[in-house]
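# Summary of structural features
One-letter residues, chain by chain:
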Amino acid sequence: MRRPDRLRDRAVSAPPAVSWAGAGPYAAALRSGRGPLFLRRADGWLLPLEVERWCARADSVDLAVLDRCEGAVLDVGCGPGRLVAELAARGRTVLGIDVSEAAVDHAGRRLGSPPVGRRQGTGRVLQRSVFEPLPGEGGWGTVLLMDGNIGIGGDPRALLDRVARLLGPGGLLIAETAVADVDERAEVQVVDGTDGGAGRGAAVGGGAFPWARLGTPALLRYAGRAGWRTAAQWSAGGRRFVALRGLPRSRPRASGRTRIASSSAEPPNSTALISSQRARKPSVDKPVADR
């Protein structure tokens, strides 16, 4: 199998860059392994972020999602890396990407690799936006948008288009949607609870960034218009998920483009959001665990 470790230099269209990836409440929450942490809209509305669950090991709901993955897996907005670590432990080829340095460092430690990045199997994490050039473009078997990361960039159409270009022909997108039937876009900040619960605590990077919240019906509408096929939709543990199948495509591949061999796992018989990815300068390339 040829590994997804070569970056392509093709420019990728992306939403405006708004940096929140440095130090702040999110980094502090990852260090402690707990919140409180929120997404706050301009009108003061708060969405709690599940830091404790993200920092824990993959739970039974996560494991059932990972059972559905096919081929090499790209985890977009991997956060502290619970899914990357589980997939690597299963022997999968997996890359987790996140713009947060703190998240990528945490994920690297979870994989058991030193910061210099060293292959020790099949797991790797990289500090990178989904809208930047990535390893293995056009060859991933599965792309994960978990924990509400369908909201990345605040433009579901643009994100679905980008994921379609990352997947191989007929590849699988698994997205976690909002429990409520919503379709909204807003400028948000990540804040902690230092104000005693009013949600006006310290903000990450001091700036707002675009985000979207989509329920399952809204995602299916966007996906249908873009040519995706619904493979499955399900609920488990108070969470909701959609699996979308990209259409087979016939188009010339750029010379030297990295391809990823596919090996599928059988899906089970039965049956959110901090790691947002906005464009960063392409010079930023921080592999923390290169397994």
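Residues numbered from 1 in each chain as written. Predicted model: local features only at pLDDT ≥ 70, side-chain atom pairs only at ≥ 80, totals over all residues. Heavy atoms only, no water.

### Observations concerning the packing of helix 6 (residues 156-166) against helix 7 (residues 216-225)
Packing of helix 6 against helix 7 leaves a shortest axis separation of 10 Å and a crossing angle of 55°. With respect to their mutual orientation, helix 6 and helix 7 come out oblique. The handedness of the crossing between helix 6 and helix 7 comes out as right-handed. Residue-level contacts link Pro 156, Arg 157 and Leu 160 of helix 6 to Leu 219, Tyr 222, Ala 223 and Arg 225 of helix 7. (Axes fitted to C-alpha atoms, helices over the stretch in contact; angles between N-to-C directions. Helix = DSSP H or I, 4+ residues; strand = E, 2+ residues; numbered from the N terminus. Parallel < 35°, antiparallel > 145°, perpendicular 65-115°, else oblique. Left-handed = near helix turned anticlockwise from the far one by under 90°. Contact = heavy atoms within 4.5 Å.)

### Let's talk about the nonpolar core
Leu 74, Val 130, Leu 145 and Leu 173 are the most contacted members of the largest nonpolar core, which has 46 residues in total. Counting 25 residues, the second-largest nonpolar core is a separate cluster that includes Val 61, Val 65, Met 146 and Ala 232. (Core = buried A, V, L, I, M, F, W, Y, C linked by side-chain atoms within 4.5 Å. Buried < 20%, exposed > 50% of the residue type's maximum accessible area, 1.4 Å probe, protein only.)

### Brief notes about helix 7
By the burial criterion, the buried members of helix 7 are Thr 216, Ala 218, Leu 219, Tyr 222 and Ala 223. Summarising the axial view, the buried residues of helix 7 lie within an arc of 160°, below the 170-degree limit, and thus occupy one face. Among the structural elements, helix 6, strand 7 (167-177), strand 8 (183-192), strand 9 (209-214), strand 10 (229-236) and strand 11 (239-245) are those in contact with the buried residues of helix 7. The first or second residue beyond helix 7 is Gly 227, which carries a positive phi of 95°. (Arc of directions from axis to C-beta.)

### Considering the pattern of salt bridges
Tallied over the entire structure, the rule returns 19 salt bridges. Among the ionic pairs, Glu 70 bridges to Arg 245, the shortest N-O distance being 2.7 Å. In this pair, Glu 70 is assigned in the loop between helix 3 (60-66) and strand 3 (73-76) and Arg 245 in strand 11, connecting sequence segments 175 residues apart. A relative accessible area of 18% means that Arg 245 is categorised as buried. Linking Asp 183 and Arg 185 is a salt bridge whose minimum nitrogen-to-oxygen distance equals 3.0 Å. Residue classification places Asp 183 among the partly exposed residues on the basis of a relative accessible area of 33%. (Salt bridge = Lys/Arg side-chain N within 4 Å of Asp/Glu carboxyl O.)

### Digging into the packing of aromatic side chains
Counted by the stated rule, this structure contains two aromatic pairs. Each ring, one from Phe 209 and one from Trp 211, has its centre 6.2 Å from the other, and the planes form 80°; the classification is edge-to-face. Across the pair, exposure class does not vary: Phe 209 and Trp 211 are buried alike. Taking the centre distance of 5.4 Å and the plane angle of 20° together, the rings of Trp 234 and Phe 241 count as stacked. Take Trp 234: its relative accessible area is 9%, and that puts it in the buried class. The ring centre of Trp 234 lies 3.8 Å from the NZ or CZ of Arg 68, which sits over that ring. (Phe/Tyr/Trp six-rings, centres within 6.5 Å; stacked < 30°, edge-to-face > 60°. Lys NZ or Arg CZ within 6 Å of the ring centre and 35° of its normal.)

### Remarks on the confidence of the model for the protein
Summary statistics for the protein give a mean pLDDT of 79 and a share of 70% for residues scoring 70 or more. For residues 114-120, every residue scores under 50 in pLDDT, and the model assigns this stretch 18 contacts once sequence neighbours within four places are set aside. Note on residues 250-291: pLDDT is under 50 here. Beyond four places in sequence and across chains, it has 158 contacts. (pLDDT = per-residue confidence, 0-100.)

### Some details on unusual backbone geometry
Geometrically, the link from Gly 35 to Pro 36 is a cis peptide bond, its omega value of 10° lying close to zero. In this structure, Pro 36 sits in the loop between helix 1 (25-32) and strand 1 (37-41). Backbone geometry at Asp 147 places phi at a positive 55°, although glycine is not the residue there. On the secondary structure map, Asp 147 appears in the loop between strand 6 (140-145) and helix 6.

### Side note on the sheet that holds strand 2 (residues 46-48)
One open sheet holds the four strands; their spatial order is 2-1-8-9, and the pairing between them is antiparallel. Either end of the sheet is taken by a strand with one partner, and the two such strands are strand 2 and strand 9. Direction aside, the axes of adjacent strands within the sheet are offset by 45° on average. The pairing of strand 1 with strand 2 spans three bridges and is classified as antiparallel. Directly across from Phe 38, in strand 2, lies its bridge partner Pro 48. (Pairing = 2+ DSSP bridges.)

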